[in-house]
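Here is what each chain is made of, one letter per residue.
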Amino acid sequence: MATAAKQAPKTGSKSSAGASGAAATPAAPPVIPLASPLMGKKKKPFLGMPAPLGYVPGLGRGATGFTTRSDIGPARDANDPVDDRHAPPGKRTVGDQMKKSQEEDEEDLNDTNYDEFNGYAGSLFSSGPYEKDDEEADMIYAALDKRMDERRKERRELREKEEIEKYRMERPKIQQQFSDLKRKLSEVSEEEWLSIPEVGDARNKRQRNPRHEKLTPVPDSFFSKHLQTGQDHTSVDPLQGLGGLNTPFPGGMTPASGDLDMRKIGQARNTLMDMRLSQVSDSVSGQTVVDPKGYLTDLNSMIPTHGGDISDIKKARLLLKSVRETNPHHPPAWIASARLEEVTGKLQVARNLIMKGTEMCPKSEDVWLEAARLQPGDTAKAVVAQAVRHLPGSVRIYIRAAELETDVRAKKRVLRKALENVSKSVRLWKTAVELEEPEDARIMLSRAVECCPTSVELWLALARLETYENARRVLNKARENIPTDRHIWITAAKLEEANENTQMVEKIIDRAITSLRANGVEINREQWIQDAEECDKAGSVATCQAVIRAVIGIGIEEEDCKHTWMEDADSCVAHGALECARAIYAHALQVFPSKKSVWLRAAYFEKNHGTRESLEALLQRAVAHCPKAEVLWLMGAKSKWLAGDVPAARSILALAFQANPNSEEIWLAAVKLESENNEYERARRLLAKARSSAPTARVFMKSVKLEWVLGNIEAAHDLCTEALKHYEDFPKLWMMRGQIEEQCENTDKAREAYNQGLKKCPHSMPLWILMSRLEERVGQLTRARAILEKARLKNPQAPELWLESVRLEFRGGLKNIASTLMAKALQECPNSGILWSEAVFLEARPQRKTKSVDALKKCEHDPHVLLAVAKLFWSERKITKAREWFLRTVKIEPDLGDAWALFYKFEMQHGTEEQQEEVRKRCENAEPRHGELWCAESKHVLNWQKNIGEILTLVASKIKNTF
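Residues numbered from 1 in each chain as written. Predicted model: local features only at pLDDT ≥ 70, side-chain atom pairs only at ≥ 80, totals over all residues. Heavy atoms only, no water.

Colleague: Describe the overall build of the protein chain, naming the residues involved and giving the relevant values.
Modeller: In terms of regular secondary structure, the protein chain is built from 51 helices and 0 strands. The 963 residues of the protein chain split such that 32% are buried. Taking the intrachain contacts of the protein chain between residues at least 6 apart in sequence as the baseline, contacts between residues at least 24 apart amount to 50%. With an accessible surface of roughly 63,500 Å², the protein chain has 54% of that area assigned to carbon and sulfur atoms. (Helix = DSSP H or I, 4+ residues; strand = E, 2+ residues; numbered from the N terminus. Buried < 20%, exposed > 50% of the residue type's maximum accessible area, 1.4 Å probe, protein only. Contact = heavy atoms within 4.5 Å. Areas by Shrake-Rupley, 256 points an atom, 1.4 Å probe, with all protein chains shown as cover.)

This is the structure:
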């Protein structure tokens, strides 16, 4: 110990000496500290070196598993701040961070933390490495999932769609429940909308009714009082001097005292007002000399009519001024500037600007015309005269000069002067000729065609005014001068036709086609057909037909001829050119003489737009070329029969028999001809021959019907029994048998006939309906209901059966059940027009319009729905709209007899006699055959000989306005 103590000062001296020597010696060896005596005499090699990787102190001797304060640091309070001075809010204290770490340890059950495959716990192997094998496995699983999903996709989507539709139907949205009320908002007028009371205001009275700021004029005494009291407190810095204290009163300085006389200011104000009033009054009579209308006109002229901002006008004015100054010889700049001033109401400024523009741009036609437009009458004439001097060859200026003249003679004088200077202008010649009498116009036109030989209009106008011979010469000259215009040739053909030289028409048109092609003109088929339509409307039938024959086959492939020609004929009919359509049909029949469809189209055209003679002549040619076409024979026989020529109709049918032996249609037509003309025995013999030579179900049915309507019930019953032996699957025979038994009041036999018929024909809707009505008639409502339910089971989605079920309940007084059945029916048959039309009138009146809108959405073009809408407007007394919807209905479906009957009933109540007669004629031409009300009357045994007009009147008389 003593040795160590003695050595210590030496060590210190050596170190100090070493330190002092270091200053003198540049490089001294480093001083190595001596080892502690506790470490032994030998120095350990690892001292001062970094610990090896993975070294844990005390691990070799087992000194682990416990923690001391030196390891975790001193204890800290929860409110102590953390070491990070920039920590965000919520993490600035030790307690906040401890709380956050506890929350992280707990399981997070939020939806955003939910995994579809692993749930809330997360992936078990999320901490492990994601290798290529894992990626490949995930891709395979994803492909499998996608494959399985696609297999079930269609069924799943279909099921989801059905579930959504069912859910929407059972639980409609609030929006759908109020849809009818929303639609009614379109009918609310502006006055009704404004009269709706406002929603109550929750604010108090002072907030609801704020007091407006009151402005009270301050009396003069107030100013004088404060002027006197304020002079003691008014002081000015003497360093300021008098600069900047100039008074607003001219010629003086700020008064030193308050001697301002307010009374004199008021007197001066009154004097100024008197002077202004005296300026607008007469000094002699005292009456006003201001013109009120002129004053208002001046006020209106001061109001800009441009509708833009004043700042925009100033900018535009500045820009246009810059353009004028930059390029003063630019005409559009002057015109735009003048129009800007005109729009803003400064007409005189506009006139001055445009006149300055004429000085700067004297060769601009537009500037002169604008100046003439802006100037008043006489000044405009002077402007135009000045313009003519600068531009003697301007046609527009001459036309404007003629327009400014009010006298016809002056106009002629101006135009003749213009033609002296500009003799090549077609516009000037046309304007001048329009003012002349025919003889003078002819003379002028003869001069005009010399000056303008290439104007087709002038040549044609001259030809119209000349005689026949001179017109031919004129048109020949026109063809020489203008060999490429088709109108000259067509006019020449019309000229020949007008002078009854029809044999030349065809030659002229053929020459026209040849000449135009030789001159390189392309023959445009559509243009020539339009020219033919114009000829047709002008009455030149031969020219029209010649043009059609010449161009109808140009530019069409052989296989497209028939289709294209039929379309052309329909187009001509739509444009009112009937002769063109007739010519097209005639040409088509020449090319296709054995085509039944072309003959039929032509026959229907003649039936609708031609005469009876033309129809019969066409049909005679048709049956000669197509003897096997039964419909053509029948049309010819019917035409003769309607004309009252029954023997001719019989002869046509006899010829038809020879061409078509054993034809059912011709047999039945012959029977109808005889029965309609009261030749019952002959009709019976014809039917007997038909049953033996051409037995069909329709022939037997007509035989039964003839005996039935003639009152031979027994014969009808026997024929029906015989027919059912051969044709037991023909439902109309079973219906007739049941109705015959009902007529004889044999209810049981009628029920038996219907039952047997339903066994043979279970899909015949009229049989089921007749059976249920029979039970209803005898009072068996439950049995009738059961029959219809059985029918619906055997024939699902049959709207006729659903409709009969609804009507059965409605007739029985069970309106609630009827409404429920209708809802089910619309679910099963959502696109049935007859159901929707019935559903409209099952609703109460306020809901009918909404129901009709829904019906139109589902069945937009269904005639029954359109008819229901027409009836709805009729019930609301909206006559014009009801007529429109009736017309729309009969146009879409002319075969619906109920629509015609309701339309006729409507016109009987609200229309004129002409309108009623028009409906009757249109119905007779349409010849309707279907409709519930219509068939009930037309097929009744008592009405079998009545024509269409009589049945229309009968059905309309039985319709009652119960809707």
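Colleague: Tell me about the side chain of T889, and name the residues and values.
Modeller: Along the chain, T889 falls in helix α47 (residues 879-892). A relative accessible area of 0% places T889 in the buried class. Every residue in contact with T889, bar those within four places of it in the chain, is listed here: P863, L866, L867 and A899.

Colleague: Which residues make up the layout of surface pockets, and what values go with them?
Modeller: One water molecule sets the probe size; rolling that probe over the atoms shows where empty space is left. In this structure, the second largest pocket occupies an estimated 1,000 Å³ of space. Lining of the second largest pocket is provided by 25 residues; of these, M169, L826, W836, K851 and D854 occupy positions nearest its centre. Elements represented by at least two residues in the lining of the second largest pocket include exactly α5 (153-170), α6 (174-177), α7 (179-184), α43 (815-828), α44 (833-842) and α45 (845-858). If you tally residues by element for the lining of the second largest pocket, the top one is α45, at 6 residues. Of the residues in the lining of the second largest pocket, the class split is 9 nonpolar, 7 polar and 9 charged. (1 Å grid on protein atoms, 1.4 Å probe; cavity = no way out; pocket = protein on both sides within 12 Å on 5 of 7 lines; lining within 4 Å. Points joined across faces, edges and corners; volume = space filled by probe spheres on them. Nonpolar A, V, L, I, M, F, W, Y, C, P; charged D, E, K, R; others polar.)

Colleague: Account for helix α31 (residues 612-625), naming residues and giving values.
Modeller: Structurally, the α-helix is built with 3.6 residues per turn, so residues lying three or four positions apart point the same way. The terminal C-alpha atoms of α31, which comprises 14 residues, lie 20 Å apart, in line with the 20 Å expected from a rise of 1.5 Å per residue. Among all positions in α31, only L615, E616, L618, L619, A622 and V623 are buried. Buried residues of α31, viewed axially, fall in a sector of 165°; they line one side. Seen from the open side of α31, the exposed residues pointing more than 90 degrees away from its buried face are Q620 and A624. The secondary structure elements touched by the buried residues of α31 are α29 (578-591), α30 (596-609) and α32 (630-642). (Expected span 1.5 Å × (residues − 1). Arc of directions from axis to C-beta.)

Colleague: Describe helix α37 (residues 713-726), listing the residues and the values that go with them.
Modeller: With 14 residues, α37 ought to run about 20 Å at 1.5 Å a step, and its terminal C-alpha atoms sit 20 Å apart, in line with that. Of the positions making up α37, those classed as buried are A716, L719, C720, A723 and L724. Around the axis of α37, the buried residues are gathered within 135° of arc, so they sit on the same side. Of the exposed residues in α37, the ones pointing more than 90 degrees away from its buried face are E714 and K725.

Colleague: Explain the packing of helix α40 (residues 765-777) against helix α42 (residues 799-811) to me, using residue names and the numbers behind them.
Modeller: How two helices pack is summed up by the angle between their axes together with the distance between the axes. Between α40 and α42, the least distance of the axes is 10 Å, while the angle of their chain directions is 15°. Classified by the angle their axes make, α40 and α42 are roughly parallel. Handedness of the crossing formed by α40 with α42: right-handed. Contact residues: M765, W768, I769, S772, R773 and E776 in α40; E800, L801, E804, L808 and R811 in α42. When grouped by side-chain class, the residues that make up the contact of α40 with α42 number 5 nonpolar, 1 polar and 5 charged. (Axes fitted to C-alpha atoms, helices over the stretch in contact; angles between N-to-C directions. Parallel < 35°, antiparallel > 145°, perpendicular 65-115°, else oblique. Left-handed = near helix turned anticlockwise from the far one by under 90°.)

Colleague: How would you sum up empty space enclosed by the protein? Please name residues and give values.
Modeller: Tallied over the full model, the rule gives 1 cavity of 30 Å³ or more. Computed from the structure, the largest cavity encloses a volume of approximately 30 Å³. Around the largest cavity, the lining residues are W368, L369, A372, V383, V384, A387, I397 and R400. Of all the elements in the fold, those that place two or more residues in the lining of the largest cavity are α16 (365-374), α17 (377-390) and α18 (395-404). Here the lining of the largest cavity is composed, by residue class, of 7 nonpolar, no polar and 1 charged.

Colleague: Tell me about the nonpolar core, residues and numbers included.
Modeller: Within the largest apolar cluster, 125 residues are counted, with the highest numbers of intra-cluster contacts made by L428, W429, W528, I548, V551, W565 and L632. When sequence neighbours within four positions are dropped, the list of residues in contact with L428 reads V395, Y398, I399, L415, A418, L419 and V422. Core analysis: the next-biggest nonpolar cluster, separate from the first, contains 34 residues, W708, L774, A784 and L788 among them. (Core = buried A, V, L, I, M, F, W, Y, C linked by side-chain atoms within 4.5 Å.)

Colleague: Summarise the pattern of salt bridges; cite the residues concerned and give the values.
Modeller: This model, assessed by the stated rule, comprises 43 salt bridges. Where E365 meets R396, a salt bridge forms, and the shortest distance between an N and an O atom there is 3.1 Å. Pair noted here: E365 is in helix α16 and R396 is in helix α18, with a separation of 31 residues, a long-range link. The exposure class of E365 is partly exposed, given its relative accessible area of 23%. R396 sits in the partly exposed class, given a relative accessible area of 38%. Three or more residues joined by partner-sharing salt bridges are found here, namely R773, E776, E804, R807, R811, E838 and E932. (Salt bridge = Lys/Arg side-chain N within 4 Å of Asp/Glu carboxyl O.)

Colleague: Any details on the environment of R464? Residues and values, ideally.
Modeller: Residue placement: R464 occurs in helix α22 (residues 456-465). Since its relative accessible area comes to 62%, R464 is described here as exposed. Taking the C-alpha atoms as reference points, R464 and L495, 31 residues apart in sequence, are found 8.8 Å from one another.

Colleague: Report on the packing of aromatic side chains, specifying residues and quantitative values.
Modeller: Where two aromatic rings form a pair, the distance of their centres and the angle of their planes describe that pair. Within this structure, the stated rule accounts for 9 aromatic pairs. An angle of 75° between the planes, with centres 6.1 Å apart, marks the rings of W874 and F886 as edge-to-face. One end of the pair, W874, is in helix α46 (residues 863-875); the other, F886, is in helix α47, with 12 residues separating them in the sequence. F886 gets classed as buried once you look at its relative accessible area, which sits at 0%. Among the aromatic residues, those joined into a ring-pair cluster are W874, F886, F903 and F906. Note that R324 overlies the ring of W334, its terminal NZ or CZ placed 5.6 Å from the centroid. (Phe/Tyr/Trp six-rings, centres within 6.5 Å; stacked < 30°, edge-to-face > 60°. Lys NZ or Arg CZ within 6 Å of the ring centre and 35° of its normal.)

Colleague: How would you explain unusual backbone geometry if you had to name every residue and give the values?
Modeller: Its identity is not glycine, yet E745 carries a phi of approximately 60°, on the positive side. Secondary-structure assignment places E745 in the loop between α38 (731-743) and α39 (747-760). Judged by its relative accessible area of 69%, E745 falls in the exposed class. Here Q797, not a glycine, exhibits a phi torsion of approximately 60°, which is positive. For Q797, the location among the structural elements is in the loop between α41 (781-794) and α42. Q797 gets classed as exposed once you look at its relative accessible area, which sits at 57%.

Colleague: Provide a residue-level description of the packing of α43 against α44, including the pertinent values.
Modeller: Where α43 contacts α44, the axes come no closer than 11 Å and their chain directions differ by 150°. Read as a crossing pair, α43 and α44 show a hand that is left-handed. Every residue of α44 that contacts α43 at A818, M822, A825 and L826 is listed here: L835, W836, E838, A839 and L842. Looking at the contact of α43 with α44, its residues break down into 8 nonpolar, no polar and 1 charged.

Colleague: With reference to specific residues and values, describe the confidence of the model for the protein chain.
Modeller: When pLDDT drops low, the exact placement of atoms in the prediction is not to be read closely. Predicted confidence across the protein chain gives a mean pLDDT of 77, with 78% of residues reaching 70 or more. Scored below 50 in pLDDT, residues 282-288 shows 6 contacts in the model against residues more than four places distant or in partner chains. Scored below 50 in pLDDT, residues 298-307 shows 8 contacts in the model against residues more than four places distant or in partner chains. (pLDDT = per-residue confidence, 0-100.)

Colleague: If you had to explain a nonpolar patch on the surface to someone new, which residues and values would you point to?
Modeller: Residues L185, V188, W193, L194 and I196 make up a contiguous nonpolar surface patch of roughly 520 Å² in combined accessible area. One can find I196 in the loop between α8 (190-194) and α9 (205-208). (Patch = residues over 30% accessible without salt bridge, like charges linked within 9 Å, V, L, I, M, F, W, Y side chains within 5 Å.)

Colleague: For the side chain of K905, give the residues involved together with the corresponding values.
Modeller: Examined against the element boundaries, K905 turns out to sit in helix α48 (residues 897-910). Comment: no salt bridge for buried K905; closest opposite-charge side chain is E937, at 13 Å. When residues no more than four places from it in sequence are discounted, the contact partners of K905 are W874, A956, S957, I959 and N961. (Lys, Arg positive; Asp, Glu negative; His and termini not counted.)

Colleague: Can you explain the environment of R811? Please cite residues and give values.
Modeller: Examined against the element boundaries, R811 turns out to sit in helix α42. Each residue touching R811, except ones within four places of it in the same chain, is listed here: E776 and E804. A distance of 2.9 Å separates the side chain of R811 from the side chain of E776, its partner in a polar contact. (Polar contact = N/O pair within 3.5 Å; in protein donor to acceptor, adjacent residues only side chain to side chain.)

Colleague: Go over a negative patch on the surface with me, naming the residues and quoting the values.
Modeller: Side chains of E131, D133, D134, E135, E136 and D138 sit close together on the surface and give a patch of like negative charge. The topology assignment puts E131 in the loop between α3 (94-105) and α4 (132-151). For E131, a relative accessible area of 48% translates into the label partly exposed. (Charge placed at Lys NZ, Arg CZ, Asp CG, Glu CD.)

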